[in-house]
Amino acid sequence: MSEPKAVSPAPGDTYKGWLFKWTNYIKGYQRRWFVLSNGLLSYYRTQAEMGHTCRGTINLATANISVEDSCNFVISNGGAQTYHLKASSEVERQRWITALELAKAKAVRMQAESDDSADEDPSPAQGDRSEVQATLRTLSSKVEDLSTCNDLIAKHGSALQRSLSELESLRVSTDTGDKIRQVNERATLFRITSNAMINACRDFLSLAQTHSKRWQKALQYERDQRVRLEETLEQLAKQHNNLERAFRGATVLPAGSAGPAGSSKEGIVPGKGDLSDEDEENEFFDAMEDAPEFITVPADPKYHKRSGSNVSGISSEIGLDDHLDEAQSTSNHEIASSKEVVPKKKRRSRIPDKPNYSLNLWSIMKNCIGKELSKIPMPVRLSLCKIPMPVNFNEPLSMLQRLTEDLEYSELLDRAAKCESSLEQLCYVAAFTVSSYSTTVHRIGKPFNPLLGETFELDRLDESGYRSLCEQVSHHPPAAAHHVESVRGWTLQQEIALASKFRGKYLSIMPLGTTHCIFAKSLNHYTWKKVTTTVHNIIVGKLWIDQSGEIDVINHKTGDRCHLKFAPYSYFSRDVARKVTGVVTDSSGKAHFILSGTWDEKMEFSRVMQSSRGENGTEGKHKTVYQTLRARELWRRHPLPEGAENMYYFSELALTLNELEEGVAPTDSRLRPDQRLMEHGRWDEANAEKQRLEEKQRSVRRKRESEAVKTTEEANPAEGPIGAPVKSTHVDNYKAQWFERCEDPVTRDATHIYKGGYWEAKALQNWETCPDIF
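Residues numbered from 1 in each chain as written. Predicted model: local features only at pLDDT ≥ 70, side-chain atom pairs only at ≥ 80, totals over all residues. Heavy atoms only, no water.

A. Representation of the overall build of the chain. Each helix and strand in the chain was counted, giving 12 helices and 27 strands. For the chain, buried positions account for 44% of its 774 residues. Put simply, 60% of the contacts in the chain that link residues at least 6 apart link residues at least 24 apart. Here the chain has roughly 40,900 Å² of accessible surface; of this, 53% comes from carbon and sulfur atoms. (Helix = DSSP H or I, 4+ residues; strand = E, 2+ residues; numbered from the N terminus. Buried < 20%, exposed > 50% of the residue type's maximum accessible area, 1.4 Å probe, protein only. Contact = heavy atoms within 4.5 Å. Areas by Shrake-Rupley, 256 points an atom, 1.4 Å probe, with all protein chains shown as cover.)

Here it is in structure tokens:
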């Protein structure tokens, strides 16, 4: 069966035909029927849909038409709508381009004329029946005038023609003067009649143009209303399907409890989302990923009453829930009061704006050809080759400073230290683990790789009650140890190493290592691991960050656990972006709190009053239904400083991390010359200094390895022939300055734990043991 070709238009007619439209990465280009009419380009799945379902419309008056190759072209109206189209041949594409350009020129002209006219309300109510009838009568009268003028012109034209013929045949005689006067009179009558017709035509044209604009506006208004109505109906259909799915999973709720429909605000049932593409409505729900494992609904109203009821000890739990509110408000007041009493040290609130330097990525990548890729120092080297990575891809902070940014919301641990309940304390610790990712949402710059032996201290005892120390304890593989101690009753320690996988279009960064948080008063010891960070659009497109995976925050003293799930971005998902959900359970597995929110905005928690098992969902597995009290806020992200987009999207804390301070160790990241030069916008000098530091680090490492090999050969003479190569173990053979390598008593893994001495050395300004790395 042959494919219908585009219908070639006559001037002013519509243009129709088949084109291939890009839908998504799964389906690619799909065949669609396009109609170009009155400056609007609309498309349908089939020709039969033209009467009832328009899939999309773009106004050419504000559109940009660009050609990509022989058959492809793009139509965009500034970002809101973009159609990537493909014709069956280059000739067919040229026909469409010509028709589109003509339609665009006409639409632009009509829009300009419409802008010059008086502003009128396009509402259809303005064009009522009486006005339409009056307009039709006026138009009919003008048409009659035109017809009368036409008859007169025909009559006088014939008479003039006869007179002219007689004049031509007339010989020179006495009658010449009379004939000439007669011709002049008829010419005068013809001119008068012609002027009258011209005026009538001008009036008719002006009236037609005026009402044509109004009708065009009314027509466009009706089309927009139809599109909005169709979108609303689609959304209602999806929500209806969603509610049915939730209801099937919660049909075993006890009588009197609220249904899933009432959980749109507090529940974790996904209830909204943007339409990914109009071509996915039929298979939208079947294509969903990672359906929710549980459902929350508001608890029965009886649980909110302070009565003598003793249903499974619920009344005591409600009293504790009220106590949580009081404790939280008291803790907030105490923290705020302490911050008011202790004056803050004046710290900087701005750094030099990021220079608008352009970087040719291809000039870096082309040098990768033929080079070995197995010894890349850092996984985020987009050049993917063994050449120095320019600072153009960096931000003016080191990885040690970036790790210290986990303390952006240290007040969560201050509140946790004041909690009497270990389960409530676990909620705050879980919120702290989520809050550490909020600073990464816009931070696409790569931190500087720390040099081996590099340190970074952050002394905030006077302002926030803690002080922190980081040290780069290994370079192959790269690992940093971190220790924080707070006068408000908690200690944080972690060793983080990075592993990565480059997957063509995105880069996955997997932090390895365990984070420990210990509270002095209760001796509760919490551990957790970090989730995977994914950097998308590595080669082409705008970079963006996503966090995905699961975290288990475990209290090793009581056995309590909080299971957090970071939902990855999904093209088909209806959930809000960057969603995080969690359940806090005791050692027996009983759920006490539900956590929900996003890792870039806020987290809330709700007390669980009752739980039950729902029926099989569409995924074939049971979902737990939790009845919860109203949600309370645990954490909310601080707003970014003014002008943050020009300062690498740094937070208030990040802006102060590289500020020069007196008395720090000579290995402190603030003293890195390449990082300082980059912060001031001197990127060429920073690149040269960065290469110098890296080469210095390599030479020191080679010297350290040769000394280690020499020591080994002296202790164990080589069995092989003299001069035989010694197999490299690819280990730094480096002993950290302030951390000691030992076995983690909880995880039984080898780790680095702070051995003390740094703050004492700082008090004495005794830095003799520090290596010369800068």
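Additional details are given in the paragraphs that follow.
B. Layout of the sheet that holds strand β3 (residues 40-44). Ordered by their spatial adjacency, seven strands build an open sheet running β4-β3-β2-β1-β7-β6-β5, and the pairing between neighbours is antiparallel. Unpaired on one side and paired on the other, β4 (56-59) and β5 (64-67) mark the two borders of the sheet. Direction aside, neighbouring strands of the sheet carry axes that sit 35° apart on average. Across five bridges, the pairing between strand β6 (residues 72-76) and strand β7 (residues 82-86) is antiparallel. In the strand pairing of β7, F73 is matched with L85. (Pairing = 2+ DSSP bridges. Axes fitted to C-alpha atoms, helices over the stretch in contact; angles between N-to-C directions.)

C. Molecular detail of helix α8 (residues 422-435). For α8, built from 14 residues, the straight-helix expectation of 20 Å at 1.5 Å per residue is met to within 8% by its first-to-last C-alpha distance of 20 Å. Within α8, 13 of the 14 residues are buried, which leaves it mostly tucked inside the rest of the structure. Among the residues of α8, the N-terminal cap falls to S421, whose side-chain oxygen and the backbone nitrogen of L423 are separated by 3.3 Å. (Expected span 1.5 Å × (residues − 1). Polar contact = N/O pair within 3.5 Å; in protein donor to acceptor, adjacent residues only side chain to side chain.)

D. Structural context of the side chain of Q494. Within the secondary structure, Q494 is located in strand β14 (residues 490-502). For Q494, a relative accessible area of 3% gives the class buried. At 3.5 Å, the side chain of Q494 forms a polar contact with the side chain of D406. When residues no more than four places from it in sequence are discounted, the contact partners of Q494 are L403, D406, A480, A481, H482, T514, T515 and K530.

E. Region of the structure containing a nonpolar patch on the surface. Together, L229, L233 and L236 make up a nonpolar patch on the protein surface, roughly 300 Å² of accessible area in all. Locating L233 in the fold gives a position in helix α3 (residues 176-249). (Patch = residues over 30% accessible without salt bridge, like charges linked within 9 Å, V, L, I, M, F, W, Y side chains within 5 Å. Salt bridge = Lys/Arg side-chain N within 4 Å of Asp/Glu carboxyl O.)

F. Quick peek at the environment of N356. Within the secondary structure, N356 sits in the loop between α4 (314-341) and α5 (361-365). For N356, a relative accessible area of 79% gives the class exposed. Taking the C-alpha atoms as reference, N356 lies 9.5 Å from N646; in sequence the two are 290 residues apart.

G. Focus on the packing of aromatic side chains. Considering all chains together, one arrives at 17 aromatic pairs under this definition. Relative to Y29, the ring of W22 has its centre 5.3 Å away and its plane inclined at 70°; by these criteria the two rings are edge-to-face. Overall, W22 belongs to the partly exposed group, its relative accessible area being 28%. Seen in terms of ring centroids, Y437 and F566 are 5.4 Å apart; in terms of plane orientation they differ by 70°. Their pairing is edge-to-face. Of the two residues, Y437 is situated in the loop between α8 and β10 (446-448) and F566 in strand β20 (residues 561-566); the sequence distance between them amounts to 129 residues. Take F566: its relative accessible area is 1%, and that puts it in the buried class. One Lys or Arg, R578, reaches over the ring of W599 and ends 5.8 Å from the middle of that ring. (Phe/Tyr/Trp six-rings, centres within 6.5 Å; stacked < 30°, edge-to-face > 60°. Lys NZ or Arg CZ within 6 Å of the ring centre and 35° of its normal.)

H. Fine view of the environment of L693. For L693, the position within the fold is in helix α11 (residues 683-715). Under the relative-accessibility criterion, L693 is labelled buried at 1%. Distance in space between the C-alpha atoms of L693 and F774 is 6.5 Å, their sequence separation being 81 residues.

I. Main features of the pairing of β14. Where strand β13 (residues 478-486) and β14 come together, seven bridges link them in antiparallel fashion. Following the sheet pairing, A481 is matched in β14 by E495. If you look at the hairpin formed by β13 and β14, you'll find three residues sitting between the two strands, and G489 has a positive phi there, around 100°.

J. Molecular detail of the nonpolar core. Core analysis: the biggest nonpolar cluster contains 63 residues, and W490, F519, W528, V553, L564, F566 and L595 have the highest contact counts within it. By residue number, the principal contributor to this core is α8, which donates nine residues. Those residues in contact with F519, other than ones at most four positions away along the chain, are L413, A416, A417, Q425, V429, G489, W490, N524 and Y526. (Core = buried A, V, L, I, M, F, W, Y, C linked by side-chain atoms within 4.5 Å.)

K. Expanded view of the pairing of β5. Where β5 meets β6, four bridges bridge the pair, whose relative direction is antiparallel. When the sheet's bridge partners are listed, S66 is paired in β6 with V74. The antiparallel pairing of β5 with β6 creates a hairpin that spans four residues between the two strands.

L. Region of the structure containing the pattern of salt bridges. Applying the stated rule across the entire model yields 33 salt bridges. We note a salt bridge from K530 to D406, for which the minimum N-O separation is 3.0 Å. Of this pair, K530 sits in the loop between β17 (525-528) and β18 (532-536) while D406 sits in the loop between α6 (399-404) and α7 (411-417); the two residues are 124 residues apart in sequence, bridging distant segments of the chain. A single burial state applies to K530 and to D406, both of which are buried. Where E685 meets R682, a salt bridge forms, and the shortest distance between an N and an O atom there is 2.6 Å. Residue E685 is classed as partly exposed on the basis of its relative accessible area of 40%.

M. Unusual backbone geometry, seen in detail. Following H476, the chain continues into P477 via a peptide bond in cis, with omega recorded as 0°. As for its placement among the helices and strands, P477 is situated in the loop between β12 (466-475) and β13. For R578, which is not glycine, the phi dihedral falls at a positive 60°. Structurally, R578 is set in the loop between β20 and β21 (579-585). Even without being a glycine, R748 presents a positive backbone phi close to 65°. Checked against the element boundaries, R748 lands in the loop between β26 (739-743) and β27 (750-754). Among the residues examined, R748 registers a relative accessible area of 55% and is labelled exposed.

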